[in-house]
Amino acid sequence: MSLFLNLFVNGVILGLLYATIALGFSLVLGVSGVLNFAHGVLFALGAYGYWVLKDFMGFWPALAGATLIVGVIGVVVERLLVRRVYGEDPLFGLVITMGFAMAVEQVLHMIFGAAAKTVNPPDFAQGVLFMGDMMIPYYRLFVALCCVVVLTGTWLVLNNTAFGAIVRAGMYDSEMVSALGHDLPLLRTAVFALGAMAAALSGVLASSIWSIKPGMGGAFLMPSFLVVLIGGLGSIRGTVLGGLIVGLTTSLLSLVIPRFVDIMPYVIMAVVVYFWPRGLLGKQNILE
């Protein structure tokens, strides 16, 4: 039972992290109609940026600095690459972002090498919380808290501000947003930058749980895509639900069928999409 509880808590934490990564992917896809396969490498850039900055800036400045730098990179990528494929076949967006991701991954490999980098948790989050037979690292609780704050804050902004209303409208019909006088290119740039920052923040948080390596983004890209498909495009609650399903499946099934644990999220995705093509909580490409 104690092992099950430990795996359950770790699955929830992993699910919240998946949901935070998938958040930016979902918003960009909804507003721009682009399958941003560079999302994973933006995640890796956030982790590497934090690794470079942490020793002489400390945890919080390094976290903020890495997140903002990747946000700026996101703006550049959107303006120079992604903007060229708006309104085109989604395959073009997939190819151009995947090509960018592969190039950046090779650059990271050349600069930092193939060896994995390890990062210790910040001083305030070191140690372990004991609850009976359960052992939960304080840092994982901190990661879960950060993810909850990001997801809740995003939901509040999208549902209680003028900017959020424009984003929701853009996910429903982006051309109508332009017809009503709003700057659609600026909206798409802003959403892409916010998506890049969410990916970078997730990379920073994950860097002290898993090692940092050039291909780490790819390991989180597909689970994020599964989260969006399971939860439903354009739904914050759906993103959280999809993240928890993928996280708990990955964690709990390692106790029962460890040889098949990697394929089970794909099986769940196939079942969900078969019965609910828009995902469990998806609604006509509009945020709830």
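What this report covers is the structure whose coordinates are included nearby. The numbers attached to residues start from 1 for each chain and follow its sequence in the written order. Whole-chain, interface and lining totals are the exception, using all residues; otherwise, since this is a predicted model, local features are given only for residues with pLDDT of at least 70 and side-chain atom pairs are given and counted only at 80 or more. To obtain the side-chain values, all non-hydrogen atoms of the structure were included, while hydrogens and water were left out.

**What to know about the pattern of salt bridges**
Working definition: two side chains of opposite charge can pair if their charged atoms are close together. By convention in these notes, a salt bridge is any Lys or Arg side-chain nitrogen within 4 Å of a carboxyl oxygen on Asp or Glu. Counted according to the given criterion, the structure contains 2 salt bridges. For Lys 54, the salt bridge identified is with Asp 55, shortest N-O distance 2.9 Å. Under the scheme applied here, a residue whose accessible area is under 20% of the maximum for its type counts as buried, over 50% as exposed, and between as partly exposed, the area being computed with a 1.4 Å probe on protein chains only. Overall, Asp 55 belongs to the exposed group, its relative accessible area being 65%. A salt bridge links Glu 78 to Arg 83; the shortest N-O distance between them is 3.4 Å. Given the relative accessible area of 0%, Glu 78 is considered buried. Judged by relative accessible area, Arg 83 falls into the partly exposed class, the value being 30%.

**Notes on the layout of surface pockets**
Using only the protein atoms, space was sampled on a 1 Å grid; points where a 1.4 Å probe fits but cannot get out form cavities, open sets with protein on both sides within 12 Å along at least five of seven lines form pockets, and lining residues are those with an atom within 4 Å of a point. Grid points are joined across faces, edges and corners, and a volume is the space filled by probe spheres set on the points. Considering only enclosed or pocket space, the largest pocket measures out at about 460 Å³ in volume. If you go around the largest pocket, you meet 21 residues; those closest to its centre are Tyr 18, Ala 219, Phe 220, Pro 223 and Thr 250. Per the convention used, a helix needs a DSSP run of H or I reaching at least four residues, while a strand needs a run of E reaching at least two, with both numbered from the N terminus. Elements with a contribution of two residues or more to the lining of the largest pocket: helix H1 (2–32), helix H9 (216–231), helix H10 (236–256) and helix H11 (264–275). For this classification, Asp, Glu, Lys and Arg are treated as charged, while Ala, Val, Leu, Ile, Met, Phe, Trp, Tyr, Cys and Pro are nonpolar and the rest, including Gly, are polar. Partitioning the lining of the largest pocket into residue classes produces 15 nonpolar, 3 polar and 3 charged. The calculated volume of the second largest pocket comes to roughly 320 Å³. In terms of lining residues, the second largest pocket is bounded by 17 residues, among which Leu 23, Leu 27, Thr 154, Leu 194 and Ala 198 are the most central. Those elements that place two or more of their residues in the lining of the second largest pocket are H1, helix H5 (138–160), helix H6 (162–172) and helix H8 (184–206). Ranked by residue count, the leading element in the lining of the second largest pocket is H8, at 6 residues.

**Here's the deal with the packing of aromatic side chains**
In this scheme Phe, Tyr and Trp rings, the latter by its six-membered ring, pair at centre separations within 6.5 Å, and the angle between planes marks the pair as stacked below 30 degrees, edge-to-face above 60, and tilted otherwise. Under the defined criterion, the tally for this structure stands at 19 aromatic pairs. The interplanar angle of 65° and the centroid separation of 5.6 Å between the aromatic rings of Phe 25 and Phe 225 together place this pair among those described as edge-to-face. Of this pair, Phe 25 sits in helix H1 while Phe 225 sits in helix H9, placing them 200 residues apart in sequence. Among the residues examined, Phe 25 registers a relative accessible area of 1% and is labelled buried. For Phe 225, a relative accessible area of 19% puts it in the buried group. What links up through ring pairs into an aromatic cluster is the set Tyr 50, Phe 59, Trp 60, Phe 124, Tyr 139 and Phe 142. When the NZ atom of lysine or the CZ atom of arginine is within 6 Å of a ring's centre and also within 35 degrees of its normal, the charge is said to sit over that ring. One cation-aromatic arrangement involves Arg 188 over Tyr 86; the distance from NZ or CZ to the ring centre is 4.4 Å.

**Some details on the packing of H9 against H11**
Note on geometry: axes are C-alpha line fits, over the in-contact stretch for helices, and angles between N-to-C directions span 0 to 180 degrees. One can describe the packing of H9 onto H11 by two numbers: an axis separation of 9 Å at closest approach and a directional angle of 25°. When the axes of H9 and H11 are compared, the pair comes out roughly parallel. The element H9 and its partner H11 pack so that their crossing is left-handed. Side by side, H9 and H11 meet where Met 222, Leu 226, Leu 229 and Ile 230 of the first sit next to Pro 265, Tyr 266, Ile 268, Met 269, Val 272 and Val 273 of the second. Considering only residue class, the contact of H9 with H11 consists of 10 nonpolar, no polar and no charged. Every angle not falling under 35 degrees, over 145, or within 65 to 115 is termed oblique; those three ranges are roughly parallel, roughly antiparallel and roughly perpendicular. Put simply, a crossing is left-handed when the front helix is turned counterclockwise from the back one by less than a right angle, and right-handed when it is turned clockwise. Residue contacts follow a heavy-atom distance rule, with two residues in contact if any of their heavy atoms lie within 4.5 Å.

**Notes on the packing of H1 against H10**
Two packed helices can be described by the angle between their axes and the distance between those axes. Interaxial distance between H1 and H10 falls to 6 Å at its minimum, and their mutual angle equals 140°. Compared by their axis directions, H1 and H10 come out oblique. Considering only the axes of H1 and H10, their crossing is right-handed. Considered class by class, the residues forming the contact of H1 with H10 number 18 nonpolar, 10 polar and no charged.

**Quick word on the nonpolar core**
Soluble globular proteins: nonpolar side chains tend toward being buried together. Nine residue types can take part in a nonpolar core, namely buried Ala, Val, Leu, Ile, Met, Phe, Trp, Tyr and Cys, and a core is a set of them joined through side-chain atoms within 4.5 Å. Phe 25, Val 143 and Leu 205 are the most contacted members of the largest nonpolar core, which has 84 residues in total. Sorting elements by how many residues they give to this core places H1 first, with 15 residues. Among residues more than four places away in sequence, those in contact with Phe 25 are Leu 35, Asn 36, Phe 37, His 39, Leu 221, Phe 225 and Val 228.

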